[in-house]
Amino acid sequence: MKPLILSLAISLVILAALTAAPGQRKFTGVITDSMCATADHSHMRMGPTDAECTVACVEAHGALYVLYDGKEVYTLSDQQTPEKFAGKKVTVMGALDAKTMTIKVDSITAAK
């Protein structure tokens, strides 16, 4: 009887952990910055390319790296990796906090 109760208790703990953890999703969009969130850099134009404007806004103005998917803007929890993808279309794997519109980033790769 003890092994059955122990097994049931472990199963309940695992089930609770799985339902409490937000699900990982795939997001595809362009890495930009919070000052030019919809990837329209014409207002700031902090460099000759969108990528340079994005990096400059982050470094010089304290903007954050964000992902713009054409409709929504998502802040990225990882603020280091996006620099090398600035201005490029990427796929971000992570969990979304819908209240803050922040993706807890697991990985960022160039979109195919």
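Going by the structure above, here's the rest.
Residues numbered from 1 in each chain as written. Predicted model: local features only at pLDDT ≥ 70, side-chain atom pairs only at ≥ 80, totals over all residues. Heavy atoms only, no water.

Visitor: Just give me the short version of the overall build of the protein chain, but keep the residues and values in it.
Guide: If you tally the helices and strands in the protein chain, you get two helices and five strands. The helix and strand sequence of the protein chain, counted from the amino end, reads α-β-α-β-β-β-β. When each of the 112 residues of the protein chain is scored for burial, the buried share is 29%. Look at the contacts in the protein chain between residues 6 or more apart in sequence, and 55% of them connect residues 24 or more apart. Of the roughly 7,200 Å² of accessible surface on the protein chain, 60% is carried by carbon and sulfur atoms. (Helix = DSSP H or I, 4+ residues; strand = E, 2+ residues; numbered from the N terminus. Buried < 20%, exposed > 50% of the residue type's maximum accessible area, 1.4 Å probe, protein only. Contact = heavy atoms within 4.5 Å. Areas by Shrake-Rupley, 256 points an atom, 1.4 Å probe, with all protein chains shown as cover.)

Visitor: I'd like a description of the sheet that holds strand β4 (residues 89-97), backed by residues and values.
Guide: The five strands are arranged β1-β2-β3-β5-β4 in a closed barrel whose pairing can be described as mixed. The average undirected angle you get between the axes of adjacent strands in this sheet is 55°. Here β4 pairs with strand β5 (residues 102-110) via eight bridges, running antiparallel. The residue of β5 that forms the bridge with valine 90 is alanine 110. (Pairing = 2+ DSSP bridges. Axes fitted to C-alpha atoms, helices over the stretch in contact; angles between N-to-C directions.)

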